[in-house]
Amino acid sequence: MIKKIFEKNEITFAILLIVLYVVGESITQRLSEAVGINSFAEAVFGIILSTIIFIFIKRNGLMQYLGLTKPEIPHSKMLFYIPLFLIGSLGAFFGLGLEHNLPGTIFHTLAMICVGFLEEVIFRGFLFKGIAKQNLIRAVIISSVTFGIGHIVNFFNGCNLFNNIIQIIFAVMVGFMLVMIFLRTGSIIPCIVFHAFNNCMTAFISSENLIGKVGEQKALIIILTVNCIIAAAFTFYVTKLPQREHKQ
């Protein structure tokens, strides 16, 4: 059944995955709150869905098609991906500390690793590849913007409007950066590693020092601005690398 949907229309398949993922994340977040263990249900859901999708990819010979292979460009040419880890660890310069207790931190980390895999495979993988068969530029734009707008679900899960707008802007910028990395390297693995690392760091970063000095909104704007500058610069650098043939 799943394979038939994929073979008939990859874009429809990707949209169904997005809906399943977003609804699942929303429901499991509420379950975790009800149980009283941070990210417990999200981690279980993420592990199950990631396993199902990975098995589907493996059995249908889609590993190379979706970029789950070694990058075709040497790490040195990609500046060893240092800009990505600067973005992910920027908040650490303002303070480190556990946001949750030990069980909550473990489940949060597991959930975020799964989020990194799922969101990259769905948005940079299935959705991007499906649209790219019709128009490559459209695929870059739609997959990046859709990835950003998808974060609006956090607003309905309790995130305040200002913070959510910041998340969406950052996600769109990062979306463009990651899809260009995928295009140039032929691999989605660096994108997954960055995405998981960036999300996991939220459990270990405390921005209280910066917030105490300038306020929460200004602190978020400062972090967003610096991250967007790094992302824009790295995206520009990546676009100047030799183009590889895009395989449909």
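A short tour of the structure in this document, coming up.

## Examining the pattern of salt bridges
The tally for this structure, following the rule as stated, stands at 3 salt bridges. Residue glutamate 120 pairs with arginine 124 through a salt bridge whose shortest N-O separation is 2.7 Å. Of the two residues, glutamate 120 and arginine 124 are both situated in helix H5 (residues 102–132); the distance of 4 residues between them amounts to about one turn of the helix. Arginine 124 carries the same exposure label as glutamate 120, and that label is buried.

## Considering the nonpolar core
With 60 residues, the main nonpolar core has Ile53, Ile57, Phe126, Met177 and Ile181 as its most contacted residues. Elements with a minimum of two residues in this core: helix H2 (10–35), helix H3 (40–59), helix H4 (82–89), H5, helix H6 (136–149), helix H8 (161–185), helix H9 (189–200) and helix H11 (216–239). Broken down by element, the residue count for this core peaks at 13 residues, all from H5. Residues contacting isoleucine 181, with those up to four places away along its chain left out, are Met78, Tyr81, Leu84, Gly186, Ser187, Pro190, Cys191, Phe234 and Val238.

## Considerations on the side chain of asparagine 199
For asparagine 199, the location among the structural elements is in helix H9. Take asparagine 199: its relative accessible area is 15%, and that puts it in the buried class.

## As for the state of the cysteines
Note: disulfide means a covalent bond formed between the sulfur atoms of two cysteine side chains. Here the structure, examined in full by the defined rule, presents 0 disulfides. The structure places no disulfide on cysteine 191, whose sulfur is separated from the nearest cysteine sulfur, that of cysteine 200, by 16 Å. Judged by relative accessible area, cysteine 191 falls into the buried class, the value being 0%.

## Thoughts on the side chain of asparagine 164
Along the polypeptide, asparagine 164 turns up in helix H8. Overall, asparagine 164 belongs to the buried group, its relative accessible area being 2%. With residues near it in sequence (within four places) discarded, asparagine 164 still touches His151, Ile152, Asn154, Phe155 and Cys159.

## Quick look at the packing of H4 against H9
Between H4 and H9, the least distance of the axes is 9 Å, while the angle of their chain directions is 20°. With respect to H9, the element H4 is oriented roughly parallel. Where H4 crosses over H9, the two elements pack in a sense that is right-handed. Only Pro190, Val193, Phe194, Phe197 and Asn198 of H9 make contact with H4, whose side of the interface consists of Leu84, Phe85, Ile87, Gly88 and Ser89. Considered class by class, the residues forming the contact of H4 with H9 number 7 nonpolar, 3 polar and no charged.

How each quantity is defined
- Residues numbered from 1 in each chain as written.
- Predicted model: local features only at pLDDT ≥ 70, side-chain atom pairs only at ≥ 80, totals over all residues.
- Heavy atoms only, no water.
- Salt bridge = Lys/Arg side-chain N within 4 Å of Asp/Glu carboxyl O.
- Helix = DSSP H or I, 4+ residues; strand = E, 2+ residues; numbered from the N terminus.
- Buried < 20%, exposed > 50% of the residue type's maximum accessible area, 1.4 Å probe, protein only.
- Core = buried A, V, L, I, M, F, W, Y, C linked by side-chain atoms within 4.5 Å.
- Contact = heavy atoms within 4.5 Å.
- Disulfide = S-S within 2.5 Å.
- Axes fitted to C-alpha atoms, helices over the stretch in contact; angles between N-to-C directions.
- Parallel < 35°, antiparallel > 145°, perpendicular 65-115°, else oblique.
- Left-handed = near helix turned anticlockwise from the far one by under 90°.
- Nonpolar A, V, L, I, M, F, W, Y, C, P; charged D, E, K, R; others polar.

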